[in-house]
Amino acid sequence: MPIRDLGYRAYEGELRAPSRNLWVMMRHGMGRIWGSWLNKFVVFFCWVPLLVFVLCAGAHYFAVGPDLPEIPENVTGVSRWFMSPPAVWLRTITGVQFWFFAAIVTIRSGAGVISEDLTNKAYQFYFAKPLTPIQYLAGRVGALAAFVFGLVFVPTAILALFLMGFGPEAERLEHLGLLLPALFDGLLIAVATSVLAVASSALSRSRALTLTAWAMILFVPFALAYLVEGIGDVEWVFALSLPGELWSIGDALYKVDGTWDHLRWFHTAPVLAVAVAGAGYAALQRISRAEVIT
């Protein structure tokens, strides 16, 4: 029977609330992220640092016992790090997971999503359904943030539990409490990098250009700040780099000695908040202006 002879037929499936669109977009976004062979490669190798840290911690505990000795002033470098408290170990693995794994995922699957959908005219498909621009953006950012959070927090949490189990019995509850700053730090890294990465993908229809732009935002200001600090001993420039902002706030969360003498979390947190909010708003405006034919 031809389609024109079928007439009107009522929808017989389950009617779901429009609020479920967000979760549909997140599942779709997670599927796109996991569909990349590079992201699978990242997930496969992201456990290597954890294994190295666990082996180092186990060797340290079996060699000197669970009690950490007083660190002499003349001990520096790797030897001093081995004698550091668990908070420093967790702080270090968080940084490793961010630089070597989370950053790759944001470049691969965050910095090109909007430009790719613009090029493929996907918004005509998305917005022909009861999907709002803010639901679309929240779904894209949420899927990436969940993936990044898993890469950063899960290895850190496992290391925290390992250090708690091998540490002094009297300090196990204190070590268990390190899961809270690890959770907050993981959430901060996931949300900030995901919003900024997805927002950078709205800069152009060219996916290559947006990927390059996000990579430059992620690495170039930090590299320049590192050079400026080394030459002129000026540490305030790290407040203009995303890794510097995240690291200074992370120092405060873990309550460890600050990486910088004068740069503190209350200097960098407002800059990061303004950057994330502004980037999210700009991306939302770009999506709202997308050409849609319904």
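Residues numbered from 1 in each chain as written. Predicted model: local features only at pLDDT ≥ 70, side-chain atom pairs only at ≥ 80, totals over all residues. Heavy atoms only, no water.

### A look at the packing of helix H8 (residues 133–166) against helix H10 (residues 179–200)
With their axes 8 Å apart at the nearest point, H8 and H10 run at an angle of 150° to one another. When the axes of H8 and H10 are compared, the pair comes out roughly antiparallel. Every pair of crossing elements has a handedness; the one defined by H8 and H10 is right-handed. Looking at the contact of H8 with H10 residue by residue, the class counts come to 20 nonpolar, 4 polar and 1 charged. (Axes fitted to C-alpha atoms, helices over the stretch in contact; angles between N-to-C directions. Helix = DSSP H or I, 4+ residues; strand = E, 2+ residues; numbered from the N terminus. Parallel < 35°, antiparallel > 145°, perpendicular 65-115°, else oblique. Left-handed = near helix turned anticlockwise from the far one by under 90°. Nonpolar A, V, L, I, M, F, W, Y, C, P; charged D, E, K, R; others polar.)

### Looking at the pattern of salt bridges
Applying the stated criterion to the full structure yields 6 salt bridges. The partner of arginine 32 in a salt bridge is glutamate 116, with the nearest N and O atoms 3.4 Å apart. With arginine 32 in helix H1 (residues 21–34) and glutamate 116 in helix H6 (residues 113–119), the pair connects residues that are 84 residues apart, well separated along the chain. When its relative accessible area of 30% is taken as the criterion, glutamate 116 is described as partly exposed. (Salt bridge = Lys/Arg side-chain N within 4 Å of Asp/Glu carboxyl O. Buried < 20%, exposed > 50% of the residue type's maximum accessible area, 1.4 Å probe, protein only.)

### Regarding H1
With 14 residues, H1 should reach 20 Å at 1.5 Å per residue; the first-to-last C-alpha distance of 20 Å fits that figure. Within H1 the residues assigned to the buried category are Asn21, Met25, Met26, Gly29 and Ile33. Taken around the axis of H1, the buried residues stretch over an arc of 135°, which confines them to a single face. (Expected span 1.5 Å × (residues − 1). Arc of directions from axis to C-beta.)

### Focus: a nonpolar patch on the surface
A contiguous nonpolar patch, built from Trp37, Phe41, Phe44, Phe45, Val48 and Val52 and spanning about 670 Å² of accessible area, is present on the exposed surface. Residue assignment for the nonpolar patch shows that the elements contributing at least two residues are helix H2 (37–45) and helix H3 (48–64). For valine 52, the position within the fold is in helix H3. (Patch = residues over 30% accessible without salt bridge, like charges linked within 9 Å, V, L, I, M, F, W, Y side chains within 5 Å. Areas by Shrake-Rupley, 256 points an atom, 1.4 Å probe, with all protein chains shown as cover.)

### With respect to the nonpolar core
Of all hydrophobic cores here, the largest spans 70 residues; its most connected members are Ile114, Tyr123, Tyr126, Tyr136, Leu137, Leu159 and Leu163. Looking at which element gives the most residues to this core, the answer is H8, with 17 residues. Ignoring anything within four residues of it in the chain, the contact list for tyrosine 136 reads Met25, Val113, Ile114, Asp117, Tyr123, Tyr126, Phe127, Leu131 and Ile287. (Core = buried A, V, L, I, M, F, W, Y, C linked by side-chain atoms within 4.5 Å. Contact = heavy atoms within 4.5 Å.)

### Focus: unusual backbone geometry
Outside of glycine, negative phi angles account for most residues, and trans bonds account for most peptide bonds. The phi angle at lysine 121 is positive, at roughly 55°, despite the residue not being glycine. Given a relative accessible area of 53%, lysine 121 falls into the exposed group. Its identity as a non-glycine residue notwithstanding, lysine 255 has a phi of 55°, on the positive side. Here lysine 255 lies in the loop between helix H12 (242–254) and helix H13 (265–288). By relative accessible area, which is 76% here, lysine 255 ends up exposed.

### Re the confidence of the model for the chain
When pLDDT is averaged along the chain, the result is 85, and 85% of the positions lie at 70 or above. The spread of mean pLDDT over the elements of the chain runs between helix H4 (residues 77–82), the lowest at 58, and H10, the highest at 96. (pLDDT = per-residue confidence, 0-100.)

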